[in-house]
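Chain residues, written in single-letter form:
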Amino acid sequence: MVIKPKVRGFICTNAHPAGCTASVKEQIAYVKSKGDISTKPKNVLVIGCSTGYGLASRITSAFGAGAKTLGICFEKPPTERKTGTAGWYNTAAFHSEAKQADLYAKTINGDAFSHAIKDETIELIKQDLGKIDLVVYSLASPRRNDPDTGDAYVSTLKPVGEPVVSKTFDTNKKEVHEISLEPANQDEINNTIKVMGGEDWELWIKRLSDAGVLAENCVTSSYTYIGKELTQPIYGHATIGKAKEDLDRASTALNSDYSDLGLRAYVTSLKAVVTQASSAIPVMPLYISLMYQVMKEEGTHEGVIEQIYGLFDTLLLEQSPEMDESKRLRMDGVETNDHIQGKIKAIWPNVTTENFPELGDYKGYNEDFLKLFGFGFDGVDYDADISPFADWE
Ligand code: NAD
């Protein structure tokens, strides 16, 4: 089939296999160009391994440290009539590149929140790897079924406390306009914490530890976004921010519960980037476009792979890494420093639909968005009739 992007609102409903391969190769080339990271994990489990920050974590582990990687994701395979999801093709491409480099790579596709997938993971670790020394928790999901009760929980993206009026860019109508968001009720806050908070991360570590498959001095990190004044009303101080605060609670609990094992659990704050998860958040497309404009002008722009390579090389695997007052690892300083934020804040009130193309880097935002699904890579023939099928082994 000839595959062209089918964009519906903030998602693209198809993906290009050759483009996704190009995307994975680009990240691998970046890591190789930087060389090996300073402290090398051997056996890495990445929960949420197929796109965004999780995929970058897997690529850095494999190609920056020669690590064996086991990934967990939730992706749709291709059919005769429909392409697979981008994460499916990314994973196929990653497996192929890992195989050529003689690196172990296996992936389990299924619901990471379930007991069954945790059990399958543990069996595979016992069979192939023995013990894991780094667990990256990089899930982003709008829903979660409680594994014990089967109850379904859905997360919401709403302010907490007061209604919020902010500017946003409607990627459908291509318009900058004001939006007014009503605050979440307590149920919505609790449900968001249930989906995106620390409970499932803790369950993973407990199951892995009980099964004896965590190495001594194992490191684990989940990822957060903290942001500053412009994004806090809809992120940091909003429902998703409450869930992220619960990650801080979980990391404290993990460090205490598994101190005998020497486990080091961190929440790492990363900068805002275009991913499938972030494009669904109101205000973010506008904020990221302005931030891209400013950071590109300053020569400090970074995407997922630059952030994760930096994290792995300088902080995550160190014995005593620098932490903030809440004991988090911080990679977001490039974005949240006063100089960059001051420039974004100066532009923010003046942005209109008409001047947005000059004031903001929506072009860069949109290119990055399409690239998430494999569209817009040089050297890929998008008019070619290609098979949507791609296998993992
Ligand atoms: P993403 O949407 O690109 O990736 C999500 C991953 O989770 C995919 O691999 C997907 O397959 C997997 N997944 C989702 N539901 C699953 C399930 N039920 N079972 C198994 N796998 C499942 O998201 P991302 O933006 O890379 O986010 C990853 C983490 O990084 C999140 O915690 C997010 O809050 C955080 N973060 C993101 C940003 C940003 O700007 N995108 C910034 C800072 C921190």
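None of these values were measured; they are calculated from a predicted model. (Residues numbered from 1 in each chain as written. Predicted model: local features only at pLDDT ≥ 70, side-chain atom pairs only at ≥ 80, totals over all residues. Heavy atoms only, no water.)

Student: Hey, could you run me through the overall build of the protein chain in this one?
Tutor: When helices and strands are tallied, the protein chain shows 13 helices and 13 strands. Rg of the C-alpha trace for the protein chain: 20 Å, near the compact-globule value of 21 Å for 393 residues, within the 12% margin. Each of the three principal axes of the protein chain carries a C-alpha extent, and together these read 60 × 50 × 40 Å. Among the 393 residues that make up the protein chain, the fraction classed as buried is 56%. Contacts in the protein chain between residues far apart in sequence, at least 24 positions, make up 78% of those at least 6 positions apart. (Helix = DSSP H or I, 4+ residues; strand = E, 2+ residues; numbered from the N terminus. Rg over C-alpha atoms; globule rule 2.2 N^0.38 Å. Buried < 20%, exposed > 50% of the residue type's maximum accessible area, 1.4 Å probe, protein only. Contact = heavy atoms within 4.5 Å.)

Student: Looking at this structure, how should I read the pattern of salt bridges?
Tutor: Any two side chains of opposite charge can pair, on the condition that their charged atoms come close. By the definition in use, this model includes 22 salt bridges. The closest approach of N and O atoms between Glu 298 and Lys 343, which form a salt bridge, is 2.8 Å. With Glu 298 in helix α8 (residues 284-298) and Lys 343 in helix α11 (residues 338-347), this pair connects stretches of sequence that are 45 residues apart. Classification of Glu 298 by relative accessible area gives partly exposed; the value is 31%. Relative accessible area serves as the criterion here: at 32%, Lys 343 is assigned to the partly exposed category. Linked through salt bridges whose partners overlap, the residues forming this network are Asp 248, Asp 324, Arg 328, Arg 330 and Asp 332. (Salt bridge = Lys/Arg side-chain N within 4 Å of Asp/Glu carboxyl O.)

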